[in-house]
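The residues making up each chain are set out below.
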Amino acid sequence: MTDLQDAARRVLSANDRGGYTVPTPRLYPFQWNWDSAFVAMGFALFDVERAVTELEWLVRGQWADGMIPHIVFHQPSDSYFPGPDVWRTPHTPVPTSGITQPPVFAMALKAILDAARQKKVQLEPGRIARLFDAALAFHRWWYAARDPDGTGLVALLHPWESGSDNSPAWDAALARVPVTTTTPVRRKDTGHVDAAMRPRDEDYARFIHLVDLYADCGWDPVEQWRRTPFRIADIQTTAILARAGEDLAAVADGLGRTDEASEIRAMVVRSRTALAGAWRDALGRFVSRDLVSREDVTAPTQASFLPLLALDLAPARRDAAEREMRGWCEGLAVAFPSTPRSSPHFEAKRYWRGPVWAVINWLLIDGLERNGLAEFAADLRQGTVAAIERVGFCEYFDPVTGEGCGGEGFSWTAAAYLHFTAMSART
Ligand code: GLC
């Protein structure tokens, strides 16, 4: 083990709260959904039991209808807004938020089982069956609640559900959302990190309006779907869901759950077909769709290439995607940017408007490898590892200067470092 791998493990233990991991202490003091899935994959590399525990704690927040919330508030903390008093969700005993996040969960479950097999670690079958059931319920929820018309693309009802909270992809739809008039917005984030790196106040007031509206719907998915001004059929989430579905079907096979394996594979087929239909030749990338305005979301973001994670592209399309992606990387200190420099929305340090996230690279690298673009994948991996080695386990990176930004000692950056360096050791 190298010194930096050891440091990465120490970040995870410093952020461990006795079974689950916070993303970083003050800025994000609770358990976050997709952060924990990445963290579990990091733990699986050296402590399989602990990886299982991470997912089990997340499932404590799962709702009766299968939704796994984006935040589980295991312990109170006053360093974050909005807390449980703003969400007003019915979940007990542990309070949660009322929206979800990208379903990386089943990818983590499969990675854990693979690691256990490889390391000959015996896991109690009942624990695995419970995690499988939780993942299956989560996938069913996505299709029932977020794709009621059966299009294959699942929709987001809040920008935070994308995990790419402040992406320019949401600008047009968010402009339709009024600012809250009922809940006082008491931001805490700008007390921890530079306000120039965070969303603007006005956007925050719109984020909170959506929370107010959904609380007013009693968190009923049908009511929310009907009343929301923000409904986006998202390619990033759908790609993750489809890829996680492939992994979940493999887990189902291993558990002898044949009927469920076929059910999951049918969901995956539907999503893969829809993702393929979201390609736009003229742009050389994929696009999400605004279900309220009925228009393509053409703002260029990292999501444009996430479908590689779940699709096997024909050569012409694969080459076009690679050309476009390589163009976005030109002249940058660190890739892959969440918005290309050529976009009028590009801001090198502001949340999801340009910066590089190690976990996004994790998914893109997977997608590039799946599509036979191993060399590009290796470049991206080495670039990410080098960036972390230069500036540490920060939340994200300025693509132009390579500076570390946002929170420090960040769990998923540490997990990504462990994952990438383990991959490099294998190749
Ligand atoms: C921010 C990110 C989101 C992440 C959370 C905790 O809200 O946009 O993706 O899950 O921080 O790290």
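Here the residue numbering is sequential within each chain, running from 1 through the sequence in written order. Where totals are concerned, whole chains, interfaces and linings use all residues; where local detail is concerned, this predicted model gives features only for residues with pLDDT of at least 70, and gives and counts side-chain atom pairs only at 80 or more. Water and hydrogen atoms play no part in the side-chain values, which are based on all heavy atoms of the structure.

**Overview of the site of the ligand**
Every residue close to the ligand is listed here: P23, Y28, W32, W34, D35, Q101, G163, D165, Y351, W352, F410 and W412. Any N or O atom pair separated by 3.5 Å or less is treated as a polar contact, with the protein-specific requirement of one donor-capable and one acceptor-capable atom, and with residues adjacent in sequence counted only for side-chain atom pairs. Measuring from an oxygen atom of the ligand, one finds a side-chain N or O atom of W34 at 3.0 Å. Contact between the ligand and D35: an oxygen atom at 2.6 Å from a side-chain N or O atom of the residue. Areas reported as accessible are Shrake-Rupley estimates using a 1.4 Å probe. Residue values count occlusion only from the protein chains shown. For the ligand, whose free accessible area comes to 310 Å², the fraction covered by protein is 97%. Neighbouring residues are identified by heavy atoms, a residue being near a molecule or strand if any of them is within 4 Å of it.

**Digging into the sheet that holds strand 4 (residues 232–233)**
The pairing criterion is simple: DSSP has to find at least two bridges between the two strands. Going along the chain from the N terminus, every DSSP run of H or I of four or more residues is numbered as a helix, and every run of E of two or more is numbered as a strand. Pairing in this open sheet of four strands is antiparallel, and the strands run 3-4-7-8 from one edge to the other. Each of the sheet's edge strands pairs with one partner strand only, and the pair in question is strand 3 (155–156) and strand 8 (295–297).

**A word on the environment of P76**
Mapped onto the elements, P76 comes out in the loop between strand 2 (71–72) and helix 4 (84–87). Distance in space between the C-alpha atoms of P76 and P29 is 8.7 Å, their sequence separation being 47 residues.

**Brief notes about the packing of helix 5 (residues 105–119) against helix 6 (residues 125–146)**
Axis angles are defined between N-to-C directions and span 0 to 180 degrees, where every axis is a line fitted to C-alpha atoms and, for a helix, only to the segment in contact. Remark: helix 5 packs on helix 6, axes separated minimally by 10 Å, with the N-to-C direction vectors making an angle of 155 degrees. In terms of axis orientation, helix 5 runs roughly antiparallel to helix 6. Judged by the twist between their axes, the crossing of helix 5 over helix 6 is left-handed. The segment helix 5 lies against helix 6, with F105, A106, L109 and L113 engaging I128, L131, F132, A135 and H139. The class makeup of the residues in the contact of helix 5 with helix 6 is eight nonpolar, one polar and no charged. Reported orientations rely on four angle classes, namely roughly parallel under 35 degrees, roughly antiparallel over 145, roughly perpendicular from 65 to 115, and oblique for the rest. Here a crossing is called left-handed whenever its near helix is offset anticlockwise from the far helix by less than a right angle, and right-handed whenever the offset is clockwise. When checking whether two residues touch, look at their non-hydrogen atoms; a contact exists if any pair is within 4.5 Å. In this classification, Asp, Glu, Lys and Arg are treated as charged, Ala, Val, Leu, Ile, Met, Phe, Trp, Tyr, Cys and Pro as nonpolar, and every other residue, Gly included, as polar.

**Concerning helix 15 (residues 374–391)**
Each full turn of the α-helix corresponds to 3.6 residues, which orients residues three or four apart in the same direction. In a helix, the anticipated span is given by 1.5 Å times the number of residues less one. Spanning 18 residues, helix 15 covers 26 Å between terminal C-alpha atoms, matching the ideal 26 Å at 1.5 Å per step. Taken together, the buried positions of helix 15 are occupied by F376, A377, A378, L380, R381, T384, V385, A387 and I388. Of the surrounding elements, those touching the buried residues of helix 15 are helix 1 (3–14), helix 13 (315–329), helix 14 (358–370), strand 9 (396–397) and helix 16 (411–426). One or two steps after helix 15, the chain reaches G392, where phi turns positive at roughly 100 degrees. Buried means the residue's accessible area, taken with a 1.4 Å probe over protein chains only, is under 20% of the maximum for its type, while exposed means over 50%, and partly exposed covers the values in between.

**What to know about the side chain of T21**
Position of T21 relative to the elements: it lies in the loop between helix 1 and strand 1 (31–32). A polar contact of 3.1 Å, which involves the side chain of T21, links it to the side chain of R50. Within polar-contact distance, the side chain of T21 engages the side chain of E54 at 2.7 Å. Not counting residues up to four positions away in its chain, the partners in contact with T21 are L12, N15, D16, F30, Q31, S36, V39, F43, R50, E54 and S411.

**Examining the pattern of salt bridges**
Where charged atoms from two side chains of opposite charge come close, those side chains can pair. Throughout this description, the term salt bridge denotes a Lys or Arg side-chain nitrogen within 4 Å of a carboxyl oxygen of Asp or Glu. Counted according to the given criterion, the structure contains 38 salt bridges. Residues R257 and E260 are paired through a salt bridge, measuring 3.1 Å at the closest nitrogen-oxygen approach.

**Re the nonpolar core**
Throughout this description, the term nonpolar core refers to a set of buried Ala, Val, Leu, Ile, Met, Phe, Trp, Tyr and Cys residues connected via side-chain atoms within 4.5 Å. F38, I112 and F336 are the most contacted members of the largest nonpolar core, which has 149 residues in total. Here F38 is in contact with V104, V359, W362, L363, W412 and A415, once residues within four sequence places are set aside.

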